[in-house]
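# Structure assessment
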6 protein chains.
Amino acid sequence: MTEHTTKKTALVVSAHSADFVWRAGGAIALHSTLGYDVHVVCLSFGERGESAKLWRKGSSMTEEQVKASRREEAHAAADILGASIEFFDLGDYPLRADKQTLFRLADVYRRVQPHFVLTHSLQDPYNYDHPMATNLAQEARIIAQAEGYRPGEPIIGAPPVYCFEPHQPEQCNWKPDVLLDITDVWDKKYQAIQCMAGQEHLWEYYTRVAQQRGVQAKRNVGITSTRNIVFAEGYQSIFPRVTGDLA
Amino acid sequence: MTEHTTKKTALVVSAHSADFVWRAGGAIALHSTLGYDVHVVCLSFGERGESAKLWRKGSSMTEEQVKASRREEAHAAADILGASIEFFDLGDYPLRADKQTLFRLADVYRRVQPHFVLTHSLQDPYNYDHPMATNLAQEARIIAQAEGYRPGEPIIGAPPVYCFEPHQPEQCNWKPDVLLDITDVWDKKYQAIQCMAGQEHLWEYYTRVAQQRGVQAKRNVGITSTRNIVFAEGYQSIFPRVTGDLA
Amino acid sequence: MTEHTTKKTALVVSAHSADFVWRAGGAIALHSTLGYDVHVVCLSFGERGESAKLWRKGSSMTEEQVKASRREEAHAAADILGASIEFFDLGDYPLRADKQTLFRLADVYRRVQPHFVLTHSLQDPYNYDHPMATNLAQEARIIAQAEGYRPGEPIIGAPPVYCFEPHQPEQCNWKPDVLLDITDVWDKKYQAIQCMAGQEHLWEYYTRVAQQRGVQAKRNVGITSTRNIVFAEGYQSIFPRVTGDLA
Amino acid sequence: MTEHTTKKTALVVSAHSADFVWRAGGAIALHSTLGYDVHVVCLSFGERGESAKLWRKGSSMTEEQVKASRREEAHAAADILGASIEFFDLGDYPLRADKQTLFRLADVYRRVQPHFVLTHSLQDPYNYDHPMATNLAQEARIIAQAEGYRPGEPIIGAPPVYCFEPHQPEQCNWKPDVLLDITDVWDKKYQAIQCMAGQEHLWEYYTRVAQQRGVQAKRNVGITSTRNIVFAEGYQSIFPRVTGDLA
Amino acid sequence: MTEHTTKKTALVVSAHSADFVWRAGGAIALHSTLGYDVHVVCLSFGERGESAKLWRKGSSMTEEQVKASRREEAHAAADILGASIEFFDLGDYPLRADKQTLFRLADVYRRVQPHFVLTHSLQDPYNYDHPMATNLAQEARIIAQAEGYRPGEPIIGAPPVYCFEPHQPEQCNWKPDVLLDITDVWDKKYQAIQCMAGQEHLWEYYTRVAQQRGVQAKRNVGITSTRNIVFAEGYQSIFPRVTGDLA
Amino acid sequence: MTEHTTKKTALVVSAHSADFVWRAGGAIALHSTLGYDVHVVCLSFGERGESAKLWRKGSSMTEEQVKASRREEAHAAADILGASIEFFDLGDYPLRADKQTLFRLADVYRRVQPHFVLTHSLQDPYNYDHPMATNLAQEARIIAQAEGYRPGEPIIGAPPVYCFEPHQPEQCNWKPDVLLDITDVWDKKYQAIQCMAGQEHLWEYYTRVAQQRGVQAKRNVGITSTRNIVFAEGYQSIFPRVTGDLA
């Protein structure tokens, strides 16, 4: 309890085991550096939909092998970023969640008591697992807020939820209202990205994403900033921000 | 110059002479308390469209009298809120701005070097002067950023622009993404509101607006907050926020 | 004054001299039948943009001849529909309105004291004159509501504004929330349509529009209706409807 | 059958047992006064998500006790408003509906033959049960319209569906296009609100909502109105309104 | 394999057994004429929701009889249009799909290897089965693209998906970005439409739809066109078009 | 006349003298290669708003010098891309256009008879000159279509209008529905980019934009494509595409 009020925490809900790296690796590394306990929940390993390179290794490859390999990569990446990680192993393509899964994630919320939440975009016509994850993360958060769910347990507050950048942002109607400066932790993010041996074609793509958001962040900075931003991540908030000043 | 880097400032662009009070009085009082120099530009006195009570005083009432009365009220309110104020006297219903007005406002931006800007919503089917003011505020900001406008003068950075709450928010497609806690300065805001003798029917309306936003702010607060929010103001950002953390 | 409270009135603001026929002819004829005084303001004759057939008659054709011909057609149509009509002759392609035009239209509002207003859609990428007319109609309405505009004159209330159907509704982001049954007055509308000798290619197009909206109206009718709707017109409201019951 | 054509009816689909009071209590009381049979379906008691005060009474509190208490409150409120009420007891947080529930609600539609329907908003990021209820209400209405569902039974027409106001309207992208004057029945609504002993913190919140909508209703009233509106409820229509006049 | 690269194919996913005729009959006939193998999947027969006329034939009518009749009509229409057809028989009002159905449709994608896909709109407040079909078609397409689904089988590319026109386009927020000239195959489409004996009231409605889209297509044609378009179908793309020129 | 039907042409309307290079350089070079006459209209030189580097060269710099330098760069770039170019010299920050300018651009449309048009996005909160240019390009196109504008002159058809990519696409609500493969002409585009000596900081930014759109184009390609896309440009269409097939 005391811990909850003193220790800062964050929760990341990732549909597949690599999403948290491409899309939120900078935020994770940065807040880890700032003293947060960041916890990642991977709902699936992305074994079907995002492991093409592994499957192409030969017809003897099995789903268990693919999952094991993806788990290993994700663990390595989380270590580099400074986050703890757990796997729900729900399967992907399609990702589906029943009530028990919803409660399982609500229980993670209760345990972690996150100060903020990172998850996918609200829409993605290229990937139905992503909004499925977002909705699961949102509904679990609501359940964890309810006094009547496991009465007596400490409920959670109303942590802000940030949607991270999808692969083709405009097609997902995703519009960033937050640009997070990740320049100081870029090395860590890129190191974590390199753990994703099976998706090497995305390494440079997401490097350029970070550079473009970096340039945009510089364009949106007010007068007092002395930041030299080179890399950034974009996020879209779901809820209004409550604040004591507008600067 | 030194001053610019040490002194925090804000600019409020108000279509009519009372708008800044109803819509941003809390933000002005709060930042004034926080040490900001807040400067208000009233584009018109609202002499035609928002002075019904004065006009009803009798057929001998003249536009000059109405304007004088509105100026006085606005000055009194600005004093209470702790802001400086100037009047462009462009006329209202309709409000129109030519290039010279645009440059005049750009020059205010250059002089004030605001850390943030408050102005109207992007749409308002009930009041065409309001989005006109927003567009003027936006375009003047862009001109003040340009090296080629009055070359040699110090340009401005990219101060965030916040749209304040219109009278009928949903009809204006206005959606707040910031809820500013103004509980500590509510007394000042309500005192300033009372300067608007000609629009007494709005006093309680805007008190209730502040209470509703206050309740909503409490609903959106994360775990660590110990704030007891009673009154709030809602704002909609035009540009993404650049930040170094997500808490 | 007494008249205002006893006589029902409506105002139609039409960018070009035929728009009110295609788009609102049913509403005009219907309300005329219901005892309304319906007044049409044609901002232009559509002499440049919507008189192709006249121009093709030969190189001796002049703008004055085209305008005279269009005026005649519009007058004939208004007579059939039972409306009075006036022409602002502002020119088309492009339609432009200065402050004096705005006040001129505001004065029409004051004179007519309309119970509702019909005008164009808010957007139209095929025809910039149309949203220009909508904005003029909206801003003039706001000015006519202001006590400080020609103080002492009776102001107007808050008549609902309905946007009539543009030529390609989806491309204009126009979405009808009202379907008006015009079955009883269809004959009059079609007779008025036939006055538009220069745009014969549109007669059947707008007949089919009325039939399609008629079918849709039948689909959206509640249980008690005994109406046999065949022809309808669609409208999009700008303002919320104030009502004493939801049936 | 004769009854169906002579007796006016309405159906309210409420996710939790108090929603119909806060959000539609005025409409219910008003139409009850106008002679409608208004029937309320509460999909759940809100036992988990909206009964915090009850749960805080002590660790001996059980879900059955909470539900019983909520049922009693809801019954009392319905009595005051003049509506009949039934409870589906589907559970909340999360609310889920299978095919049998869908048919059960379709059967209610068939039995009630509503002239209009009231339910939740289409979106609500704070409460996933609400749009779930809206979708259930919508799909059940569609099934009840189908000749092939329980062939031989009388189908329903196309009653308008109105979405009532969510707690944070802008965040739900809810935009009212109807403002219902509930001034004459406000006393009943407030009396019904007071039945909700467990949510006393919301009494004044929803009083202010009614006052704000009342002020807005007055702003949107046309010229002929002699109504003195003080309290109102906002609604968003899903379907276009079919009408015989535009006044 | 060779076949895949030489033979052009298309896939149509239709919620009920007549949808593909009204909404995409022209595209099917046209591409059939152009040498495509067009395959139609009917998810249900529309036995409950879209067979009113059959049900009205008498109380002895059974669901099996209705389905048989609808199957026959759909087969006849497909024959005329030149398409192959299969029926998933999932039931309608409501249409529901589990994981096995999803895989079944993914397998159709793998088998057909479509060059483009036609299905319903993304929204439809009048018909929940339609967006259900769209989502099923979309998610099955994504699964068929995944290397890890039935590893070793040839995956599909990224065929464009076009949403066909719903009954009330604006209410479904459907906006066509493609207008397909079907003038040359209109006779076939109208012949296929006439197979739908149970929905004769829609024959003329959809004839007029084709005529209206035809007129609109002519309005949107560039300079070089010598097409004389009379009938057209509108489509809304979900994905961006990849092209080598902009003409 | 004969020429019009045989020679393919395109028109690019650029707010400032470098916009056509960053945003449409690939399309210009590609269509020039395909045999199109591509004509660029630069509405201003961007002398105030987009020439920071030149202004920083010293206080002796004059607007005329800046304009001359920008004109030279733009000419060089157009030469490389294979386009003709003209300058309206309307001034920037703010860009304003009166009726005469509108007619001047309409006359260019009449002269060029473009098969397609490229211009800016519909919105841009960072740059008001950009949507101003879009609206000018749109309205001039409409006027050039009107028989009554300079009667007797050949009018234009309905060339598609494509909005090119703004600097911060999501903030401008710009969503590409066309991805143009510019891989074969990338060298020319990059060579043209390098003419923009004053904006060297943007060279790599727009290289990365082209790479990202290239990756996205590959993701959206159907089955038959053998294209190896590396660089692409995104465009948003304003009007629906009229076509004879969907492949």
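Residues numbered from 1 in each chain as written. Chains lettered and ligands numbered in written order. Predicted model: local features only at pLDDT ≥ 70, side-chain atom pairs only at ≥ 80, totals over all residues. Heavy atoms only, no water.

## Observations regarding the packing of aromatic side chains
A complete count under the given rule lists 60 aromatic pairs over all chains for this structure. When the ring of Phe103 of chain D is compared with that of Tyr149 of chain D, the centres are 5.3 Å apart and the planes differ by 25°; the resulting orientation is stacked. Of the two residues, Phe103 of chain D sits in helix α5 (residues 99–112) while Tyr149 of chain D sits in the loop between α6 (129–144) and β5 (161–164), which places them 46 residues apart along the sequence. Classification of Tyr149 of chain D as buried rests on a relative accessible area of 3%. Every member of this aromatic cluster is reached through a ring pair, and the members are Tyr36, Phe116, Tyr162 and Tyr235 of chain A. Residue placement shows Arg104 of chain B over the ring face of Phe88 of chain B; its charged tip is 3.8 Å from the ring centre. (Phe/Tyr/Trp six-rings, centres within 6.5 Å; stacked < 30°, edge-to-face > 60°. Helix = DSSP H or I, 4+ residues; strand = E, 2+ residues; numbered from the N terminus. Buried < 20%, exposed > 50% of the residue type's maximum accessible area, 1.4 Å probe, protein only. Lys NZ or Arg CZ within 6 Å of the ring centre and 35° of its normal.)

## What about the relation of the copies chain B and chain F?
Here chain B sits on chain F after a turn of 120° about the axis and a move of 0.0 Å along it, with an RMSD of 0.0 Å. Expressed as a symmetry operation, the mapping of one chain copy onto the other fits a three-fold axis. Among all residues of chain B, the one whose C-alpha sits closest to the rotation axis is Asp98 of chain B, at a distance of 7.5 Å. (Least-squares fit on C-alpha atoms with pLDDT ≥ 70 in both.)

## Points about the interface of chain B and chain F
With 16 residues of chain B in contact, the opposing surface of chain F contributes 16 residues. Roughly 1,500 Å² of surface becomes buried between chain B and chain F when both sides are summed, with 63% attributable to carbon and sulfur atoms. Ranking the residues of chain B by area buried against chain F places Glu139, Ile142 and Glu147 of chain B at the top, with a combined share of 35%. At the junction of chain B with chain F, the criterion picks out two salt bridges. Taking the shortest distance from any N to any O, the salt bridge between Glu147 of chain B and Arg56 of chain F comes out at 2.8 Å. (Contact = heavy atoms within 4.5 Å. Buried area = accessible area lost by both parts, 1.4 Å probe. Salt bridge = Lys/Arg side-chain N within 4 Å of Asp/Glu carboxyl O.)

## Let's talk about the arrangement of the chains
Nothing in chain A touches chain C; the tightest C-alpha to C-alpha distance between them is still 17 Å. With no contact formed, the shortest span from any C-alpha in chain B to any C-alpha in chain E equals 17 Å.

## Considerations on the interface of chain A and chain B
With 39 residues of chain A at the interface, the matching set in chain B holds 39 residues. Counting each side, the surface lost to burial between chain A and chain B is near 3,400 Å², with a carbon and sulfur contribution of 61%. Along the contact surface separating chain A from chain B lie zero salt bridges. Among the secondary structure elements, those contributing two or more residues to the side of chain A that touches chain B are α2 (19–33), β4 (116–119), β6 (178–181), α8 (203–219) and β8 (241–243) of chain A. With four residues, the top contributor of residues to the side of chain A that touches chain B is β6 of chain A.

## Digging into helix α4 (residues 63–81) of chain C
All names here are of chain C. In this model α4 runs 27 Å from its N-terminal to its C-terminal C-alpha over 19 residues, within 8% of the 27 Å that 1.5 Å per residue would give. Along α4, the residues classified as buried are Val66, Lys67, Arg70, Glu73, Ala74, Ala77, Ala78 and Leu81. Taken around the axis of α4, the buried residues stretch over an arc of 135°, which confines them to a single face. Exposed and oriented more than 90 degrees from the buried face of α4 are Glu64, Glu72 and Asp79. Elements in contact with the buried residues of α4: α2 (19–33), α3 (52–55), β3 (83–87) and α7 (186–193). (Expected span 1.5 Å × (residues − 1). Arc of directions from axis to C-beta.)

## So, the pairing of strand β7 (residues 232–237) of chain B
Residues and elements named next belong to chain B. Counting buried residues in β7 gives five out of six residues, a clear majority hidden from the surface. In this sheet, β7 lies alongside strand β6 (residues 178–181) in antiparallel orientation, the contact comprising four bridges. Note that in β7 the partner of Leu180 across the bridge is Glu233. (Pairing = 2+ DSSP bridges.)

## Side note on the sheet that holds β4 of chain A
For sheets, the rule is that strands pair by backbone hydrogen bonds, running either parallel or antiparallel. Strand order in the open sheet made by the eight strands is β3(A)-β2(A)-β1(A)-β4(A)-β5(A)-β7(A)-β6(A)-β8(B), with mixed pairing throughout. Two strands in the sheet have a free side with no partner beyond their single neighbour: β3 (83–87) of chain A together with β8 (241–243) of chain B. For this sheet, the mean inter-axis angle between neighbouring strands, taken without regard to orientation, is 25°. Taken together, the three bridges between strand β1 (residues 9–14) of chain A and β4 of chain A define a ladder with parallel strand orientation. Paired with Val12 of chain A across the two strands is Leu118 of chain A, which belongs to β4 of chain A. In the packing of helix α6 (residues 129–144) of chain A onto the sheet, the strands contacted are β1, β4 and β5 (161–164) of chain A, and the crossing angle to β4 of chain A comes to about 160°. Together, β6 and β7 (232–237) of chain A together with β8 of chain B form the strand contacts of α8 of chain A, whose direction differs from that of β7 of chain A by roughly 75°. (Axes fitted to C-alpha atoms, helices over the stretch in contact; angles between N-to-C directions.)

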